[in-house]
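Breakdown of the fold
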Amino acid sequence: MTTTPARRMRSHAVTLGVTALMAAGLTGCATSADYAAVCVDPATEQRVDDDQCDDDREYDGTSSGFFWYYLAASRAIPSVGSPVSGGTFRSSGLSGTVQRGGLPREGGTTVKSATSKGGFGGSGRSSS
């Protein structure tokens, strides 16, 4: 069976398209988030286990429960049980990528280094 030049051209176009998609996906895995969120008890302003934050509702200043607290990439991550500062409960004013949860419980590193991912199977959950 012989292939026509048009058929070969389509085959190459499909191969290039798939390759471009794969490259874009890998590039996304190699970046870090601009912001990351830890779960916080607003009453005590202390970090709690990220599993305590189960939805996307924002803290309104009066509600009880646990809420996501957003930290910029340059900020240090507080450990569970430590007070939080330098961030915000409001995600609506943030521009860039946000990772909710998945940060080290022991803290002590910056958001940027903790959200770096490499290759397939990188750790962390990203959302925008």
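From a predicted model like this one, the values you see are computed outputs, not experimental measurements. (Residues numbered from 1 in each chain as written. Predicted model: local features only at pLDDT ≥ 70, side-chain atom pairs only at ≥ 80, totals over all residues. Heavy atoms only, no water.)

1. What about the state of the cysteines?
What counts, and what does not: For the purposes of this analysis, a disulfide is any pair of cysteine sulfur atoms at a distance within 2.5 Å. Segments assigned H or I by DSSP are reported as helices when at least four residues long, segments assigned E as strands when at least two residues long, and all are numbered from the N terminus.
In this structure the tally under the stated criterion is 1 disulfide. Disulfide partner of cysteine 39: cysteine 53, at an S-S distance of 2.1 Å. With the S-S bond torsion at 85°, the cross-link from cysteine 39 to cysteine 53 turns out right-handed. Here cysteine 39 is found in strand 1 (residues 35-41), whereas its partner cysteine 53 is found in the loop between strand 2 (46-47) and strand 3 (67-72), with 14 residues between them in sequence.

2. Things to note about the environment of threonine 44
To keep things clear, this is the line we draw: For every residue, the accessible area (1.4 Å probe, protein chains only) is compared with the maximum for its type, and the residue is labelled buried under 20%, exposed over 50%, or partly exposed between those bounds.
Mapped onto the secondary structure, threonine 44 falls in the loop between strand 1 and strand 2. Given a relative accessible area of 44%, threonine 44 falls into the partly exposed group. Between the alpha carbons of threonine 44 and valine 84 there is a distance of 9.5 Å; along the sequence they are 40 residues apart.

3. Section: the side chain of arginine 100
What counts here: Definition of a polar contact: a pair of N or O atoms within 3.5 Å, with one able to donate and the other able to accept a hydrogen when the atoms are protein atoms, and with sequence-neighbouring residues admitted only if both atoms are side-chain atoms.
As for its position among the elements, arginine 100 is in strand 4 (residues 98-100). In this structure the side chain of arginine 100 is engaged in a polar contact, spanning 3.1 Å, whose partner is the side chain of tyrosine 70.

4. A short note on the pairing of strand 3
Note the cut-off: Here, a strand pair is defined by DSSP locating no fewer than two bridges between the strands.
With 5 of its 6 residues buried, strand 3 lies for the most part within the structure. As defined by bridge partners, strand 1 adjoins strand 3 across 6 bridges and the pair is classed as antiparallel. By the bridge assignment, alanine 36 is partnered in strand 3 with leucine 71.

5. Some words on the packing of aromatic side chains
Stated formally: Side-chain rings of Phe, Tyr and Trp, where Trp is taken by its six-membered ring, are said to pair if the distance between their centres is within 6.5 Å; with planes under 30 degrees apart they count as stacked, over 60 as edge-to-face, and otherwise as tilted.
Summed over all chains, the structure comprises 3 aromatic pairs. With 5.1 Å between their ring centres and 50° between their planes, tyrosine 59 and phenylalanine 67 make a pair best called tilted. Neither tyrosine 59 nor phenylalanine 67 differs from the other in exposure class; each is buried. Both rings, one in tyrosine 69 and one in phenylalanine 89, keep their centres 5.0 Å apart while their planes meet at 75°; by these two values the pair is edge-to-face. Of the two residues, tyrosine 69 sits in strand 3 while phenylalanine 89 sits in the loop between strand 3 and strand 4, which places them 20 residues apart along the sequence. Since its relative accessible area comes to 7%, tyrosine 69 is described here as buried. For phenylalanine 89, a relative accessible area of 15% puts it in the buried group. Through a chain of ring-to-ring contacts, three or more aromatic side chains come together here, namely Tyr59, Phe67, Tyr69 and Phe89.

6. Quick look at the environment of threonine 109
Convention followed: In what follows, residue pairs with any heavy atoms lying within 4.5 Å of each other are defined as contacts.
As for its position among the elements, threonine 109 is in the loop between strand 4 and helix 2 (111-114). You can call threonine 109 partly exposed: its relative accessible area is 25%. Sequence separation between threonine 109 and arginine 75 is 34 residues, and the spatial gap between their C-alpha atoms is 8.4 Å. Non-local contacts of threonine 109, meaning those with residues more than four positions away in its chain, are made with Arg75, Ala76, Ile77, Pro104 and Ala114.

7. Some details on the pattern of salt bridges
Our working rule: Salt-bridge detection follows one rule: a side-chain nitrogen of Lys or Arg within 4 Å of a carboxyl oxygen of Asp or Glu.
With the rule as written, the count across this model stands at 3 salt bridges. Salt-bridge contacts for arginine 47 lead to aspartate 50; the nearest nitrogen and oxygen are separated by 3.4 Å. Taking relative accessible area as the criterion, aspartate 50 reaches 12% and is therefore assigned buried. Here arginine 105 and aspartate 49 are joined by a salt bridge, their closest N and O atoms 1.9 Å apart.

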